Amino acid sequence: MAKRSISDLDVAGKTVLVRVDFNVPLDGDRITDDRRIRMALPTIQTILAGGGRAILMSHLGRPTGEPSDSQFSLAPVAKRLAELLGQDVSFATDVVGEDARSKVAALRGGEGGVLLLENLRFHPGEKKGDSEFAHALAGMADAYCNDAFGTSHRTDASMFAVPQAMDNRPKVVGLLVAKEIQYLSDVLQNPARPFVAIVGGKKVSDKILVIKNLLTICDSVLIGGAMAYTFSLAKGEKVGKSFVEPDRVDLAKELLAVGGDKLVLPVDTHCGDDFSSDCNKQVVAAGEVPDEMEGLDIGPETATQYADLVRNAKTVVWNGPMGVFELPPFDAGTRAVAEAIAESDAVSIIGGGDSAAAIEQLGFADRVTHVSTGGGASLAMLEGKRFEAVDVLDDA
Ligand code: AMP
């Protein structure tokens, strides 16, 4: 799926329309976590260093009702971006209106080279994938760049109709998306073996397609988290008060049949009589959770077994915690797996969402090969799905 990248493009004197993901958490107009802005810097800086100009566009939150609801304005992002870049960032108070048009016309190279458009979702055309809206955006630039991995599994106008509307003009991936594709798609297509996947989290229903796909490409798929108890239930075992999805038991049976020896389930469980740190705790064999208890983490024997399998692997993919990692001591299983991944020489890929948060929280993020920035998008890629928003871009 290798795609032409922004670094392969001669941007001198050109205007590049860049879809970024500036969907940052806000408290009033204060940005509480600017990570997504910082992650977009390399692509923006590549364009500026190459003598180009950048028009940035993003969604923010889910504005409903009044389109210009200031609660969802990207104005604070423009301010923070200017601080991070150390140069002025011009801000358009609309998306394809008069202000955007005049600010696009005023764009200059270097210092005057960055413009951020107002929240794409203030325009109804964004969610509808509207062609007229897409042509208005595409008309602003000489090239298009997708650096918004977190929304790349979607086909909103800015992700799909805009690159389509660029016709013969270049359509490339930004540095962030290039890296995500490299690890979540290219590496998985040709992995060094043994290739071990660890899938955890609460609901098996969220990850059925991920497990199915990983079973076809991995040597082992290790299951943890609450989803293990739905598998237990499918085997007719005792799950006590553990979180289970009884309506997914047939599906769990199907995965057990398809997976065979490749699908590895916990051998023991750390349970508690309450969903709290100070509950009464007990380690029991998997499938023997007492009636008044619930499984809250994989047990120590499972943690050792999973860590050993990880240590022997050459490629590791991890998505979803092994237990209620927010509630010590039920973080032990997740911690053991994270530690083994951090210590291993394998190519290690952490799917977004909770496992990315866990690896950050435990301080191991810089000891893994790739931590994905997208929750839903990284799951979709692990499901082996094709992304129309990426397919539409130029091949490398
Ligand atoms: P997910 O969003 O599916 O990756 O699930 C992550 C959530 O699953 C975390 O908030 C964990 O606390 C929760 N979780 C993991 N294991 C268990 C468990 N055994 N019982 C209840 N919740 C769990």
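Before reading on, note that the structure itself is shown above.
Calculation rules
Residues numbered from 1 in each chain as written. Predicted model: local features only at pLDDT ≥ 70, side-chain atom pairs only at ≥ 80, totals over all residues. Heavy atoms only, no water. Core = buried A, V, L, I, M, F, W, Y, C linked by side-chain atoms within 4.5 Å. Buried < 20%, exposed > 50% of the residue type's maximum accessible area, 1.4 Å probe, protein only. Helix = DSSP H or I, 4+ residues; strand = E, 2+ residues; numbered from the N terminus. Domains from an automatic or database assignment. Contact = heavy atoms within 4.5 Å. Phe/Tyr/Trp six-rings, centres within 6.5 Å; stacked < 30°, edge-to-face > 60°. Lys NZ or Arg CZ within 6 Å of the ring centre and 35° of its normal. Pairing = 2+ DSSP bridges. Axes fitted to C-alpha atoms, helices over the stretch in contact; angles between N-to-C directions. Near = heavy atom within 4 Å. Polar contact = N/O pair within 3.5 Å; in protein donor to acceptor, adjacent residues only side chain to side chain. Areas by Shrake-Rupley, 256 points an atom, 1.4 Å probe, with all protein chains shown as cover. Nonpolar A, V, L, I, M, F, W, Y, C, P; charged D, E, K, R; others polar. Expected span 1.5 Å × (residues − 1). Arc of directions from axis to C-beta.

Details of the nonpolar core
If you look at the biggest cluster of nonpolar residues, it comprises 64 residues, and the most contacted ones within it are Leu117, Leu137, Ile211, Val221, Ile223 and Phe231. Top contributing element to this core by residue count: helix H7 (residues 175-189), with six residues. Mapped onto the domain boundaries, this core takes at least three residues apiece from domain 1 (6-177) and domain 2 (191-382). Those residues in contact with valine 221 that sit more than four places away from it in its chain are Ala197, Val199, Leu214, Leu215, Lys262, Leu263 and Val264. Core analysis: the second largest hydrophobic core is formed by 30 residues, Ile6, Leu9, Val20 and Ala54 among them.

A few points about the packing of aromatic side chains
One pass over the structure, following the stated rule, counts one aromatic pair. Sitting above the plane of the phenylalanine 243 ring, lysine 202 keeps its charged end 4.8 Å from the centroid.

Examining the sheet that holds strand S6 (residues 114-116)
Across a sheet, paired strands are connected by hydrogen bonds in the backbone, their directions being either parallel or antiparallel. The strand order S5-S6-S4-S1-S7-S8 describes an open sheet built from six strands, whose pairing is parallel. Because the sheet does not close on itself, it has two edges, and the strands there are strand S5 (90-91) and strand S8 (171-173). Relative to strand S4 (residues 53-57), strand S1 (residues 15-19) is paired through five bridges, and the arrangement is parallel. Within S4, the residue paired with valine 16 across the bridge is alanine 54. On the sheet, helix H2 (residues 75-85) packs against S4, S5 and S6 and is oriented at approximately 155° with respect to S6.

Overview of the site of the ligand
Around the ligand, 15 residues are found, and the nearest of them are Lys202, Lys207, Gly295, Glu326 and Asp354. The separation between a nitrogen atom of the ligand and a polar main-chain atom of alanine 226 is 3.2 Å. Note that an oxygen atom of the ligand is positioned 2.6 Å from one of the side-chain N or O atoms of glutamate 326. Against a free-state accessible area of 500 Å², the protein chains account for coverage of 84% of the ligand. Taken together, the residues of the shell around the ligand sort by class into six nonpolar, four polar and five charged.

Quick notes on helix H11 (residues 300-311)
Its twelve residues place the ends of H11 16 Å apart at the C-alpha level, agreeing with the 16 Å of an ideal helix rising 1.5 Å per residue. Listed as buried for H11 are Thr302, Ala303, Tyr306, Ala307 and Val310. All buried residues of H11 lie within an arc of 130° about the axis, which places them on one face of the element.

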